[in-house]
Amino acid sequence: MLPSLLTAVTLALWARQAYAASASDWQKRTVYQVMTDRFALPPAQDSTGAACDTGAQLPCGGTWAGIENHLDYIQAMGFDAIWISPIVAQLQVPLPPPADGTAYHGYWPENIYALNDAFGTEADLRSLVSAVHGRGMYIMVDVVVNHMATYNTTAANAAPTDPLAGISLNGYNPFDEDSDYHPFCPITNYGNQTMVEQCWLGSAAVPLADVNTEDQTTVNTYYSWIGQVVSNYTFDGLRIDTVKHIRQDFWPGFVQAAGVFTLGEVLDSDAQYVGDYTNYVDAVFDYPGWGMVLQAFQTTGGSMSMLAQSIQNTSTYYKNGGFSTGSFLENHDQPRFPSLTNDTGLIKNAIAWTFIGDGLPIVYEGQEQEYSGGNVPNNREAVWLSAYQENKPMYKHITTLNNARKAAMNGSSSFLSTHMSVISTSTHSIAIAKAPMLAVLTNVGQGAQGQVSLSVSSLGSGYAANSQLVDVISCSSVKVDGSGNLAFTTQAGAPAVFLPSSVVNTKVCASVAGGSGSGSGSGAQAAFSTRAFALSAAVGSVIALLVLASA
Ligand code: ABC
Ligand code: CA
């Protein structure tokens, strides 16, 4: 009896290990965010390339089977995890829909015990999960536990009074009684935390009925639900919606019941406020850092020192500093970065940011195609309209960054446990070390060639004098000189991401140019012998960036 019991226990533990991915398991990965309705049509319709009008806010037809059919496209870009939209059954609104559209996005739950049949069948979802696992990839599911969505038939266009009075909760599962919800009040003041937690999101037409998570029975319902969802489908992680809208002490029990890595959405720009939630869930999206990345790279006048300050804030206010963050440039709630600037130099730097730091890198579908939709709903373009082209500049850029991160990880066992550090900033650049990686990001823009020189050997970059490096973005060799200085030229405003040449394999750079060992700077610079002017060479700073404007 005993041996078989032991075997059973061992097997159970093994099964749990195989799927119950922890924060440190996730740290080794990078994530591609799939908005299920907009990523891929079911295989039978795939070649039709059906139109998708984002402005209409109607379902465009993406499904779980569609995602499974295009995992190659995601994996070839170097991602080893995906995040999918919420999976549960949704509120249906009459057509034409109210101003805030339909539930195509999946954030309007009505029955959390049923699947959203617009995305496919249970078999389709299981098949997707096993296909993802079969490739050695992880899958993160988005979950909404703050609210159930309702449609206000009596006062759809009126100022809301008490929507519950005019709403039938027939068919809601669970929470089909008014008493399951906080009394109606719209959130009008985000500075009032009690209001943020106990009042309602949404609009007059589609009020998001705020579940009474002060009630212990309700809490227990959610805890057992999440445990079932994770184990039933063997999800590896959760993206948790609206975390700041539920009291903090709800979360540890939820996280424990889930048993997998949890990444929470706390939409706020205040690092102290957001960072506090890392005491309650494993990690949060780095919204405060994201705001600084936008200001740094959306124009050539952005501030690099504010970006450095934001990295400092992350290490001060987040439980494990940047390790407890998800790093992103775009998502389904924010205008796409190329809607703010069409400067490809700036875009490449902003994308690089996601990959060179401590946070879990996350890329929103369509970034690789340089989609440029603005505010919701325009930022939710269908990926099939791109025909999944893999030869696009940003697809290649993201692939390079993914490969570079892998190479750094494989080349140094301490890469993942080494905190990023800012080794210098100037008006237009910031140098960030996360040994063995050193990134130099600039906002000089695509019209400029910048000559950058910085002292690296004494500043925690991990590079000794005479180290032989490769900038994996340009695939050119650069050598740290005998005094520990690094000089190189950044082309068309692109970022530089250095790795020791010993860890750069042919997957990262098929071949390496300029590997003379004498530094690539002088030869290359001669080509830009036009008007030269120093945009910044901060006195006393170890970094100097000289911009040679092309005439
Ligand atoms: C729909 C339409 C929109 C229309 C809206 C009324 O209705 O699409 O065009 O404007 C889902 C859908 C949305 C839908 C909403 C409402 O439901 O995706 O399309 O909008 O029906 C999460 C998800 C999000 C999802 C929901 C709801 C929550 O990621 O996709 O939306 O399940 C708040 C929440 C946040 C939520 C977000 C949409 O709303 O906190 O969880 N996201 C301030 C507040 C934030 C607030 C934000 C709203 O405004 O502090 O809490 O987010 O825009 C910074 C400040 C921030 C400030 C921002 C704007 O500026 O530091 O505090 O955020 O500088
Ligand atoms: Ca709430």
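Per an unreviewed UniProt entry, the recorded name for the chain is alpha-amylase, and the organism is Calocera cornea HHB12733. Its UniProt record gives the chain the following Cofactor (unreviewed entry) comment, quoted word for word: "Ca(2+)". Per UniProt, the chain carries the Sequence similarities (unreviewed entry) text "Belongs to the glycosyl hydrolase 13 family."

Mapped onto this structure's residue numbering, the UniProt feature "binding site: substrate" (unreviewed entry) falls at Gln 57, Trp 108, His 147, Arg 239, Asp 333 and Arg 380. Within the annotated group just given, the residues that line the largest pocket are Gln 57, Trp 108, His 147, Asp 333 and Arg 380. Looking at the secondary structure, you find Trp 108 in the loop between β3 (88-90) and β4 (109-115). Mapped onto the secondary structure, Arg 380 falls in the loop between β13 (360-364) and α14 (393-411). For Arg 380, a relative accessible area of 6% gives the class buried. The residues contacting Arg 380, other than those within four sequence positions of it, are Met 35, Arg 38, Thr 54, Tyr 104, His 105, His 332, Asp 333 and Tyr 364. Within the structure, the side chain of Arg 380 is placed 2.9 Å from the side chain of Tyr 104, a separation counted as a polar contact.

Attention shifts here to the sheet that holds strand β5 (residues 138-143). Taken in spatial order, the 8 strands close into a barrel running β1-β2-β5-β9-β10-β11-β12-β13, and their pairing is parallel. Strand after strand, the sheet turns through a mean of 30 degrees between neighbouring axes, direction not considered. Relative to strand β12 (residues 325-328), strand β11 (residues 283-285) runs parallel, the two sharing 2 bridges. Its bridge partner lying in β12, Val 284 is registered against Thr 325. Packing of helix α13 (residues 344-355) onto the sheet brings it into contact with β12 and β13, and relative to β13 it is tilted by some 140 degrees.

This next bit is on the packing of α13 against α14. Running from N to C, α13 and α14 point in directions that differ by 30 degrees, and their axes come no closer than 10 Å. It follows from the interaxial angle that α13 and α14 lie roughly parallel. Crossing hand, α13 versus α14: right-handed. Residues Thr 344, Ile 347, Lys 348, Ile 351, Ala 352 and Phe 355 of α13 lie in contact with α14, whose contacting residues are Met 394, His 397, Ile 398, Leu 401, Asn 402 and Arg 405. Across the contact of α13 with α14, the residue classes break down as 7 nonpolar, 3 polar and 2 charged.

That bond from Leu 95 to Pro 96 is cis: its omega, -5 degrees, falls within 30 degrees of zero. The residue Pro 96 is located in the loop between β3 and β4 in this model. Across the junction of Val 376 and Pro 377, the peptide omega takes the value 5 degrees, indicating a cis bond. Non-glycine residue Gln 57 carries a positive phi angle of around 55 degrees.

Tracing the backbone through its elements, the reader meets Met 137 in the loop between α6 (122-134) and β5. The contact partners of Met 137, leaving out residues within four places of it in the chain, are Arg 29, Ile 74, Gln 75, Phe 79, Asp 80, Ala 81, Ile 82, Val 132 and Asp 236.

Taken together, Asn 146 (OD1), Glu 197 (O), Asp 210 (OD), Asp 210 (OD) and His 245 (O) make up the full set of protein donors to the calcium ion (ligand 2), lying 2.3 to 2.6 Å away. Of note, the calcium ion (ligand 2) draws all its donor residues from one chain, in the sequence arrangement N-x50-E-x12-D-x34-H. With Asn 146 in the loop between β5 and β6 (147-149) and Glu 197 in helix α7 (residues 193-198), this residue pair connects regions lying 51 residues apart in the sequence. Asn 146 gets classed as buried once you look at its relative accessible area, which sits at 2%.

Helix length check: α14 (19 residues) gives 26 Å between terminal C-alpha atoms against 27 Å at 1.5 Å per residue, within 8%. The buried count for α14 comes to 14 of 19 residues, which makes it a mostly enclosed element.

Turning our eyes to something else, we now look at the site of ligand 1. Taken together, 20 residues are adjacent to ligand 1, and Lys 244, His 245, Glu 265, Ser 269 and Asp 333 come closest. Interatomic distance of 2.9 Å between a side-chain N/O atom of Trp 108 and an oxygen atom of ligand 1. Here ligand 1 loses 67% of its free accessible area of 1100 Å² to cover by the protein chains. Most atoms of ligand 1, that is more than half of them, are within 2 Å of grid points of the largest pocket. Among the residues making up the shell around ligand 1, the classes are represented as 5 nonpolar, 7 polar and 8 charged.

Turning to the side chain of Gln 57, a few remarks are in order. Take Gln 57: it is sitting in the loop between α3 (36-39) and α4 (64-69). The exposure class of Gln 57 is buried, given its relative accessible area of 12%. Here the side chain of Gln 57 touches Ala 99 through a polar contact of 2.9 Å, landing on its backbone oxygen. Excluding its chain neighbours within four sequence positions, the residues that come into contact with Gln 57 are Ala 99, Asp 100, Gly 101, Thr 102, Tyr 104 and Pro 377.

Our focus in this paragraph is the pairing of strand β19 (residues 476-479). Sheet faces and side chains relate simply in a regular strand, where the side chains alternate between the two faces. In terms of strand pairing, strand β18 (residues 468-471) meets β19 through 4 bridges, oriented antiparallel. If you follow Val 470 over to β19, its bridge partner there is Ser 477. Following β18, the chain reverses through 4 residues before pairing antiparallel with β19; Cys 475 in that reversal takes a positive phi of roughly 55 degrees.

By the bridge criterion, 5 bridges tie strand β14 (residues 421-426) to strand β15 (residues 429-434) in an arrangement that is antiparallel. When the sheet's bridge partners are listed, Thr 425 is paired in β15 with Ile 430. Between β14 and β15, which pair antiparallel in sequence order, lie 2 residues.

Mean pLDDT over the chain: 89, with 87% of residues reaching 70 or higher. For residues 11-17, every residue scores under 50 in pLDDT, and the model assigns this stretch 1 contact once sequence neighbours within four places are set aside. Segment residues 515-542: pLDDT under 50, and 41 contacts once partners within four positions in sequence are set aside and those in other chains are kept.

Within the fold, Glu 265 resides in the loop between β10 (261-264) and α10 (271-276). By relative accessible area, Glu 265 is classed as buried at 7%. With sequence-adjacent residues up to four places away left out, Glu 265 is seen in contact with Arg 239, Ile 240, Asp 241, Thr 242, Val 243, Lys 244, Phe 285, Tyr 287 and Asp 333.

What counts, and where the lines are drawn
- Residues numbered from 1 in each chain as written.
- Chains lettered and ligands numbered in written order.
- Predicted model: local features only at pLDDT ≥ 70, side-chain atom pairs only at ≥ 80, totals over all residues.
- Heavy atoms only, no water.
- UniProt positions renumbered as here; feature names shortened; annotations may be inferred.
- 1 Å grid on protein atoms, 1.4 Å probe; cavity = no way out; pocket = protein on both sides within 12 Å on 5 of 7 lines; lining within 4 Å.
- Helix = DSSP H or I, 4+ residues; strand = E, 2+ residues; numbered from the N terminus.
- Buried < 20%, exposed > 50% of the residue type's maximum accessible area, 1.4 Å probe, protein only.
- Contact = heavy atoms within 4.5 Å.
- Polar contact = N/O pair within 3.5 Å; in protein donor to acceptor, adjacent residues only side chain to side chain.
- Pairing = 2+ DSSP bridges.
- Axes fitted to C-alpha atoms, helices over the stretch in contact; angles between N-to-C directions.
- Parallel < 35°, antiparallel > 145°, perpendicular 65-115°, else oblique.
- Left-handed = near helix turned anticlockwise from the far one by under 90°.
- Nonpolar A, V, L, I, M, F, W, Y, C, P; charged D, E, K, R; others polar.
- Donors = N, O, S within 2.8 Å, 3.2 Å for Na, K, Ca; no water.
- Expected span 1.5 Å × (residues − 1).
- Near = heavy atom within 4 Å.
- Areas by Shrake-Rupley, 256 points an atom, 1.4 Å probe, with all protein chains shown as cover.
- Sits in = over half its atoms within 2 Å of the grid points.
- pLDDT = per-residue confidence, 0-100.

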